[in-house]
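Inside the fold
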Amino acid sequence: MLFNSIPFLLFFSIFFILYWILLPENLRIQNLLILGGSYVFYCWFSWKLGLIILSYSIIAFYFGFYIHKTPDLKLKTRILHIGVIFYVMSLAYFKYLNFFISSLNSAVQFSGHTPNLHTLNIILPLGISFFTFRILSYLFDIRNGKLEPATDLVIFLSYVAFFPSLVAGPIDKPQLLIPQLQKSRVFSYVKAADGLRQILWGLFKKIVVANNAAGVVDFAFGSNRLHGFVLIYGAFFYAIEIYADFSGYSDMALGIAKLLGFQITVNFNNPYFSQNIADFWRRWHISLTSWLTEYIFTPASIAFRDLGKAGSIMAILITFLVSGLWHGANWTFVAWGLLHGCYFIPLILMGKMNKKKSIDPAQFLPSLREAINMMATFVLVMFTLIMFKADSIKSAANTYINIFRIYPFSDFKVDIPLLIYTLSMLAIEWFHRDRNHGLDIARINNMTFRWTIYVGFVFLILFFIVGGEHKNNAFIYMKF
Amino acid sequence: MKKLLVKISILIGIVAVPLLLCLFFLPDPKSRKGLDGALIDKHILLEKSKPATIILIGGSNAGMGFKTQIMKDSLKLPVINAAVSGWFGLKFIINDVKTYIKKNDLIVLCVPYTSFENTTDNDFIGNSLLVPVLFDVSPKAIINLDYPEFKRIAPFIAPYILAKIKQVFIKDEFDGLYRRDGFNQDGDFTAHYSLIRTLKLKPQPKCLGSEGLNSKVIPFLVNFKQYVIAKGATFVILPPSIQSASFNNQVFIINKIDSALKVNNLAFISPTLRYKFEDRYLYDFIYHLNSEGAELNTRLAITDLLKVKAVKKMKSDDTIQRQFHIHRVQ
């Protein structure tokens with residue numbers, strides 16, 4: 001069930017009525033409904049996948065319980081390690097086994113022998129990377145004494161399977177979501193109305209911007225014969241597509257959660273207005289960055305602290321290697337992660353990695369220096385995304401080479417409407433950069449103006465749902 | 001909560017009301033010029049018809065399959081070709097003609113064999129072409145719409161609204177062959193008579209032996225027959241004219257249809273074999289006849305209709321004959 005689909009609209013309408021109107025505002029009932037709704041939502045894709053997440057969650061519940069109960073620190077750590085190995089191995093089985101087999105076959109072939117290992121027909125459970133990281137963070141935090149284990153299985157199962165953020169994040173920390181599940185939710189008009197506005201903004205980004213950008217991207221990268229500006233143009237719109245797609249999903253997830261009385265992790269904070277790559281990663285896929293920082297980068301930095309800046313570089317490279325692998329089983333993701341890690345090296349060497357650079361919200365336009373920094377960061381991210389999109393390193397290399405081929409203007413045709421939607425999205429986000437989302441317009445006093453905006457957005461979205469040429473409803477990050 | 005629900009309802013209303021107004025009231029000149037628009041003319045023909053008329057109904061196979069004038073001259077009876085397109089679905093085709101049936105009429109159904117098969121429900125329920133018919137050309141037909149039909153056309157409604165709105169801003173002239181003015185005054189489709197087929201017709205594939213019948217079709221036809229009888233009229237089914245090679249490949253399912261109709265007292269009025277046509281009689285589809293084909297098919301149909309009891313009765317009824325002659329003179 002996708003957020004931008006009719007089944008979800010029906011499902012959520014029924015769920016919302018049951019949650020707030022028909023059933024009493026009782027904690028137990030609300031949580032049971034969240035749990036039931038989450039499993040209906042997930043099993044809509046496949047009921048077998050529902051069994052996987054259920055068994056994963058129950059195992060994690062007991063792991064958490066035993067880690068907490070064990071008084072001996074060494075034993076605690078040992079139980080944690082068993083748990084981590086179990087979940088990492090499971091993730092490896094579903095996500096990386098075929099990648100490992102094909103890589104091994106390539107290596108065998110390279111050494112002059114005939115490979116005889118066959119890849120397996122494994123179905124990747126939707127959102128496995130997201131809920132596995134959610135579970136791991138629960139176990140780590142119990143071990144580190146930051147969190148008491150959940151005593152109520154329904155609450156814990158609801159935390160792992162919380163449907164607004166189940167299949168494509170955000171990866172909510174247990175400290176954020178579990179306490180909210182432990183208190184009865186009370187309806188707040190302001191919060192719910194803001195949730196609706198954020199859903200509308202997310203739909204605009206996905207349906208109007210991302211889906212249309214996908215057409216340009218498919219054209220630019222669909223054929224190896226294209227080159228020059230077409231590929232740059234395609235790369236630009238891929239950067240736009242992936243942002244509008246993923247942040248659009250996150251906006252919808254946040255909006256849906258708000259409608260149910262929850263506050264989940266904000267996943268994006270205008271990443272394309274970043275001043276450098278460190279700033280970018282503080283604003284892009286924030287929940288994953290925070291997870292990696294807490295559980296990979298910080299422990300690695302501590303482990304390599306004696307090595308000084310070299311230790312920091314090693315820690316960042318390991319973190320981004322994990323980030324790349326988290327995204328998928330392909331050398332392109334590994335290369336993409338490592339490239340991002342490398343971009344941090346100058347910042348680490350100059351001691352600027354942790355310096356936060358933000359533009360004053362009162363500023364109408366960025367200064368020239370800020371604009372150059374923003375553009376340079378964007379270009380860096382954009383070119384690295386070519387690696388992210390490519391099927392193989394070879395194909396990415398071909399694209400990089402083709403960009404510099406002659407006849408740069410051949411096949412180049414600007415999609416003016418798409419450019420208008422994209423620039424509108426970026427402009428709205430720029431002027432609303434101190435707000436929760438692009439449609440956070442509750443403070444506009446003129447009701448007619450506000451409603452004109454809502455109606456305009458609804459019509460625009462409907463127009464593209466109905467008549468759009470590119471109706472790719474699935475979200476890019478769902479496959480991770 | 002109440003405030004939120006009220007505001008959501010207002011927003012839905014603000015969006016839905018103009019869209020519904022567009023759906024029902026915005027004109028659709030493109031569809032009216034197209035095949036759908038021909039239904040308007042066919043309704044006029046049916047409305048004007050006197051009792052004891054032969055009404056040919058079916059898909060485009062029937063629309064392109066007859067030369068009604070020859071039939072009228074030969075049978076000395078009034079004949080109307082009310083067939084337009086099979087894409088409306090057999091259910092719509094039949095429901096559409098129901099209100100026009102008068103006493104002593106002869107309803108002749110001639111639809112492709114696919115209308116009886118279970119491979120797709122399209123031929124029975126209809127598809128996207130039905131949307132302009134229901135929301136512009138023949139809105140009265142909405143009354144007959146049931147849930148399966150609505151479910152089928154629902155995904156096409158929103159794109160249709162958009163297409164209607166687009167027509168307001170962009171003049172989109174209809175330039176296809178299958179257009180409203182391609183039909184003559186009797187309801188026969190003749191626009192292709194002077195055209196020559198350029199492509200080779202691909203016959204339907206050989207039956208695998210697993211093909212079956214659409215279980216909804218026969219009961220529906222049985223009900224319709226009872227309805228026609230109750231109105232004092234007669235209902236018969238004429239085999240469709242089909243490409244010879246396709247007939248040979250599809251003989252398994254054709255025989256199955258034939259038997260099922262016989263069992264239910266709805267037998268074809270003639271052996272199906274008689275309506276096999278060589279490619280030279282066909283235009284752009286295995287069921288679409290060209291001018292020569294239509295003439296041959298009409299002559300075959302005349303011979304078969306003459307054997308129908310109702311036709312014999314109509315021909316021997318002096319009042320009907322007198323009316324026909326007066327009508328012709330007029």
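Note that this is a predicted model, so its numbers are computed, not measured.

This part covers the interface of chain A and chain B. Taken together, the 13 residues of chain A in the interface contact nine residues of chain B. Elements supplying a minimum of two residues to the side of chain A that touches chain B: α1 (6-22), α8 (189-221) and α17 (447-467) of chain A. The element contributing the most residues to the side of chain A that touches chain B is α17(A), with seven residues. Broken down by class, the residue content of the side of chain A that touches chain B amounts to twelve nonpolar, one polar and no charged.

With that settled, consider the confidence of the model for chain B. One rule of thumb: low pLDDT means the predicted coordinates there are not for detailed reading. Averaged over every residue, the pLDDT of chain B is 90; the share at 70 or more is 96%. We note a pTM of 0.78 for the whole complex and an ipTM of 0.80 for its interfaces.

Turning our eyes to something else, we now look at the pairing of strand β4 (residues 234-237) of chain B. Residues and elements named next belong to chain B. Side chains T234 and V236 of β4 all project onto a buried face; the interleaved residues F235 and I237 project onto the opposite face, where all are buried too. Where strand β3 (residues 106-110) and β4 come together, four bridges link them in parallel fashion. Directly across from V108, in β4, lies its bridge partner V236.

Attention now moves to the nonpolar core. Counting residues in hydrophobic clusters, the biggest one holds 123 residues, and the most contacted among them are I135(A), L139(A), Y159(A), V160(A), A161(A) and A213(A). Built from parts of two domains, this core gets at least three residues from each of domain 1 (6-186) and domain 2 (190-275 + 358-479) of chain A. Setting aside residues up to four positions removed in sequence, I135(A) forms contacts with Y56(A), A60(A), Y87(A) and V160(A). Counting residues in each nonpolar core, the second largest holds 79 residues, with I57(B), F124(B), V137(B) and V217(B) among its members.

Now for the domain arrangement of chain A. Residues and elements named next belong to chain A. Considered domain by domain, chain A is made up of domain 1 (6-186) and domain 2 (190-275 + 358-479). Each of domain 1 and domain 2 was reduced to a C-alpha centroid, and the two centroids are 28 Å apart. With 17 residues of domain 1 at the interface, the matching set in domain 2 holds 15 residues. Listed by contribution, the elements that provide at least two residues to the side of domain 1 that touches domain 2 are α1 and α7 (174-181). Here the residues of the side of domain 1 that touches domain 2 sort into eleven nonpolar, four polar and two charged.

Residue and element names in this part refer to chain B. One open sheet holds the four strands; their spatial order is β2-β1-β3-β4, and the pairing between them is parallel. With one partner strand each, in any of the chains shown, β2 (79-81) and β4 form the two edges of the open sheet. With strand direction ignored, the average angle separating the axes of adjacent strands in the sheet is 20°. Across five bridges, the pairing between strand β1 (residues 54-58) and β3 is parallel. Each residue of the ladder has a partner; that of I55, found in β3, is I107.

Definitions and cut-offs
- Residues numbered from 1 in each chain as written.
- Chains lettered and ligands numbered in written order.
- Predicted model: local features only at pLDDT ≥ 70, side-chain atom pairs only at ≥ 80, totals over all residues.
- Contact = placed C-beta atoms within 7 Å.
- Helix = DSSP H or I, 4+ residues; strand = E, 2+ residues; numbered from the N terminus.
- Nonpolar A, V, L, I, M, F, W, Y, C, P; charged D, E, K, R; others polar.
- pLDDT = per-residue confidence, 0-100.
- Buried ≥ 20, exposed ≤ 12 C-beta atoms within 10 Å, placed from the backbone.
- Pairing = 2+ DSSP bridges.
- Core = buried A, V, L, I, M, F, W, Y, C linked by C-beta atoms within 7 Å.
- Domains from an automatic or database assignment.
- Axes fitted to C-alpha atoms, helices over the stretch in contact; angles between N-to-C directions.

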